[in-house]
Amino acid sequence: MSIKKILFVVIIVALIVAFFAFDLGQYFSLQYFKAQQANIMAYYQANRWQTILIFFVIYVAVTGLSLPGAVIMTLVAGAIFGLLWATVIVSFASSIGATLALLVSRFLLRDWVQNKFGDRLQTINDGIKKDGAFYLFTLRLVPAFPFFVINLIMGLTPIRTLVFYLVSQIGMLAGTIVYVNAGTQIAKIESLSGILSPGLIISFTLLGIFPLIAKKIVEFIKARKALRDYPKPKTFDRNMIVIGAGSAGLVASYIAAAVKAKVTLIEKNRMGGDCLNTGCVPSKALIRSAKFLSHAKRAKEFGFRSASVDFDFAEVMERVQRVIKTVEPHDSVERYTKLGVECIEGKATITSPYTVEVNGQTLTTRSIVIAAGGEPFVPPIPGIEDVGYLTSDTVWDLRKLPRRLVVLGGGPIGSELTQAFARFGSQVTQIEMLPRILIHEDPEISEMVAKQFRAEGIDVRVDHKAKEFLVENGQKVVICEHQGKDVRIEFDELLAAVGRVARTKDYGLDELGIGLTKSRTIDTNEFLQTKFPNVYVCGDVAGPYQFTHIAAHQAWFASVNALFGTFKKFKADYSVIPWATFTEPEVARVGLNEQDAKEKGIAYEVTTYGIDDLDRAIVDEEAHGVVKVLTVPGKDKILGVTIVGEHAGDIIAEYVAAMRHSFGLNKILSTIHIYPTLAEANKYAAGEWKRAHAPQGVLRWFERYHGWRRGGGSPTRVSEQAQHKVN
Ligand SMILES: Cc1cc2nc3c(=O)[nH]c(=O)nc-3n(C[C@H](O)[C@H](O)[C@H](O)COP(=O)(O)OP(=O)(O)OC[C@H]3O[C@@H](n4cnc5c(N)ncnc54)[C@H](O)[C@@H]3O)c2cc1C
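Draft legend 1. Geometry of the packing of helix H10 (residues 280–297) against helix H11 (residues 313–327). Viewed as axis vectors pointing N to C, H10 and H11 meet at an angle of 135°, and their least axial separation amounts to 9 Å. In terms of their interaxial angle, H10 and H11 are classed as oblique. For the element pair H10 and H11, the recorded crossing hand is right-handed. Here Val-281, Pro-282, Ala-285, Leu-286, Arg-288 and Ser-289 of H10 lie close against H11, whose contacting residues are Val-316, Met-317, Arg-319, Val-320, Val-323, Ile-324 and Val-327. Grouping the constituent residues of the contact of H10 with H11 by class yields 10 nonpolar, 1 polar and 2 charged.

Below, the structure written as structure tokens:
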């Protein structure tokens, strides 16, 4: 704590202590005022402005220091100054005092509270930023909430001081008038409890929740306005139409059918979308084959003299297609039809919030779920169209292994494909304009992957910005800018993997004025609802994450809200989001890493456990990687975990469950893990944390106790001997 803060605390505490020590509270009672009323009135008659000023200052001080007495002072104001003047004086004094109390609480405690509980307060903070004025107004009007508590709590939130002042002044006005008015009849008042009748309390409460009701009414009017131009059919053919049969659309339609809604799923291309046809499934199948080759290369490590693999790249790519074919029935028209989903092959166009056109037919529906996915983004770099390029959509058509492959992009997709192609024998150059690959991971984590890439012969070029593609004498070349100089890299094939964009064109969004966010995904509220209350969005087209499991997660919210939103809507919950990058070493993460925590100003502790120490990893010749856990300082509460190593994406599941269901490292430590497994790494990481937080004082007492039980020498000598032995 700074000297300034300490001094401030001392002054505040001294003033509060003085108030109670000198029993100043006695002057803030009805009895005292009634006894002194004649004298005070006489003073007021003689010194009008002085009295107002003294009263004002005392009122501000009492509320500013959160001392008891404001209610009595309000009554007294009514008695001395009369209804009008008292209302004006108290209204300003109480608002200024309340704002001072807010500032005191903010100055002394906000940083500490936000640092300590920032992650848990995130939702409240967001709510306050968005609707803080509404909340405060409600609290001010509902007499059940003590005002000084509201002042202090609001100081811990991000509400703006001016907003707080203005809303407080308006919100407290009604209550002020009631008390001041009562004060004008002070002689008749025997206690404070009778001033607010039950009827008045109910009226205030109703007035308090009025802003929230008003907000709902505004939302309702807005929704009605958005739908106004579109005639609502008298009856609907369906409850829900889902556009796109990828991970999001399949789950959304599955849920609708499961709850007996009439649902139609429209797909213009292949059932299963990107994940099955061009994303997760083929990429993981390719990675698996590539891993087999890498194991063969590492034959000596497993006790073999050598191992060679005879293969044809085209056959490997055929295997990838075979895998897709094997998984295909899970996402097929046949399966979904059996589940009760009507499947239509064709391109859907939304023609109104109630109608979708497909194959020349117009279907009416109560709600629409857009799950149109995303597509590879091709950067508009000069010459890129001339040299030609592959993307994650087209790379699966390759049957000839490129001799020299340039992969543009150091994100998860680029990195996974870089390593896979290098393992098949392509000379791969990976180009990334940022200072490192896998930029969303902590620096040492991306370095673990980059180091392995370099060890496998991959030319990893970070800090290289591709600025032009050329064909020179039939030779494809990319010119990159690196530290102010041009670098030439020759290649045979280019794979553009710099990210994916939401599919938002050409199916009615523009025509209906459905807006986009800054990152070009469809704009929705927290319920995944567009400006039309019956049109929802999920999956890659909704963002902000681009993973199959998140698409499925969002699909639940979109479909449930679309079908049952009239009664209750659920906010899409992104509190615990896991993901993995399937390079070798694999990188899995859930929650915060260090760079996120720093960026958000969240205090954390780091515990690491090196997987090189783990028996199973040693047995498997995979003794590398780390479990890195971020926890709340001094507590076992997990803020985030990154795991690097074999099967990281599988073993992190335990931490995902821990975060989702709020159990900490102590619980993980007390769970039996099967020996020898990679999952034991989770327990050992928890053990590292426990060791670092062992109660040293208690342990020293235990040492003394055991020494005494042995009847031997002094505990210090015993530990010195032990230390000596270790050395
Ligand atoms: C190479 C690669 C590897 C990946 N690996 C992983 C991974 O390991 N793990 C992971 O979680 N994620 C991975 N992903 C991401 C994952 O594939 C996507 O997040 C997921 O597929 C998104 O699902 P979706 O339903 O939102 O969209 P999509 O799967 O793209 O489905 C959208 C569907 O909508 C259809 N459509 C669009 N417009 C219309 C229209 N007007 N009418 C009818 N149909 C329409 C499209 O044809 C498409 O089939 C990977 C992606 C790629 C490219």
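Back to the text.
Draft legend 2. Region of the structure containing the nonpolar core. Membership of the largest hydrophobic core comes to 36 residues, with the highest contact counts inside it found for Leu-286, Val-395, Trp-396, Leu-398, Phe-421, Phe-424 and Leu-495. Broken down by element, this core gets its largest block of residues, 6 residues, from H10. Setting aside its immediate chain neighbours within four residues, Leu-495 contacts Leu-390, Thr-391, Ser-392, Val-395, Leu-405, Val-406, Val-407, Leu-408 and Leu-417. With 31 residues, the next largest nonpolar core counts Val-60, Ala-86, Ile-89 and Val-90 among its residues.

Draft legend 3. Examining the sheet that holds strand E19 (residues 605–610) more closely. Reading across from one edge, E17-E18-E21-E20-E19 is the order of the 5 strands in this open sheet, with antiparallel pairing throughout. Two strands lie at the open edges of the sheet, namely strand E17 (578–581) and E19, each paired on one side alone. The average angle at which neighbouring strand axes cross in this sheet is 10°, direction not considered. Looking at chain direction, E19 and strand E20 (residues 626–631) are connected through 6 bridges and run antiparallel. Across the sheet, Gly-610 pairs through a bridge with Val-626, a residue of E20.

Draft legend 4. Quick look at unusual backbone geometry. With an omega of -5°, the peptide bond running from Gly-543 to Pro-544 counts as cis. With respect to the element layout, Pro-544 can be found in the loop between strand E16 (535–537) and helix H17 (548–564). That bond from Tyr-675 to Pro-676 is cis: its omega, -10°, falls within 30 degrees of zero. Tracing the chain through its elements places Pro-676 in the loop between helix H22 (665–669) and helix H23 (680–692).

Draft legend 5. Inspection of the site of the ligand at higher detail. Near the ligand, the surroundings consist of 39 residues, among which Glu-267, Asp-274, Lys-284, Asp-540 and Thr-548 are the closest. The backbone of Cys-275 places a nitrogen or oxygen atom 3.3 Å from an oxygen atom of the ligand. The separation between an oxygen atom of the ligand and a polar main-chain atom of Gln-546 is 3.4 Å. The fraction of the free accessible surface of the ligand (1000 Å²) that becomes covered by protein chains is 95%. Looking at the shell around the ligand residue by residue, the classes come out as 14 nonpolar, 16 polar and 9 charged.

Draft legend 6. The side chain of Arg-589, seen in detail. Of note, Arg-589 is situated in strand E18 (residues 587–591). A residue is classified by how much of its surface remains accessible, and Arg-589, at 2% relative accessible area, is buried. A polar side-chain atom of Arg-589 sits 2.8 Å from the main-chain carbonyl oxygen of Gly-591. A polar contact of 3.0 Å, which involves the side chain of Arg-589, links it to the side chain of Asp-596.

Draft legend 7. Looking closely at the packing of aromatic side chains. The final tally for this structure, using the stated rule, is 20 aromatic pairs. Both rings, one in Trp-556 and one in Phe-570, keep their centres 5.3 Å apart while their planes meet at 65°; by these two values the pair is edge-to-face. Taken together, the residues span a long stretch of sequence, with Trp-556 in helix H17 and Phe-570 in the loop between H17 and E17 at a distance of 14 residues. Judged by its relative accessible area of 31%, Phe-570 falls in the partly exposed class. Taken together through their ring pairs, the aromatic side chains of Tyr-44, Phe-55, Tyr-59 and Phe-81 make up a single cluster.

The rules behind these values
Residues numbered from 1 in each chain as written. Predicted model: local features only at pLDDT ≥ 70, side-chain atom pairs only at ≥ 80, totals over all residues. Heavy atoms only, no water. Axes fitted to C-alpha atoms, helices over the stretch in contact; angles between N-to-C directions. Helix = DSSP H or I, 4+ residues; strand = E, 2+ residues; numbered from the N terminus. Parallel < 35°, antiparallel > 145°, perpendicular 65-115°, else oblique. Left-handed = near helix turned anticlockwise from the far one by under 90°. Contact = heavy atoms within 4.5 Å. Nonpolar A, V, L, I, M, F, W, Y, C, P; charged D, E, K, R; others polar. Core = buried A, V, L, I, M, F, W, Y, C linked by side-chain atoms within 4.5 Å. Buried < 20%, exposed > 50% of the residue type's maximum accessible area, 1.4 Å probe, protein only. Pairing = 2+ DSSP bridges. Near = heavy atom within 4 Å. Polar contact = N/O pair within 3.5 Å; in protein donor to acceptor, adjacent residues only side chain to side chain. Areas by Shrake-Rupley, 256 points an atom, 1.4 Å probe, with all protein chains shown as cover. Phe/Tyr/Trp six-rings, centres within 6.5 Å; stacked < 30°, edge-to-face > 60°.

As far as function goes, none of this settles anything; it's purely spatial.
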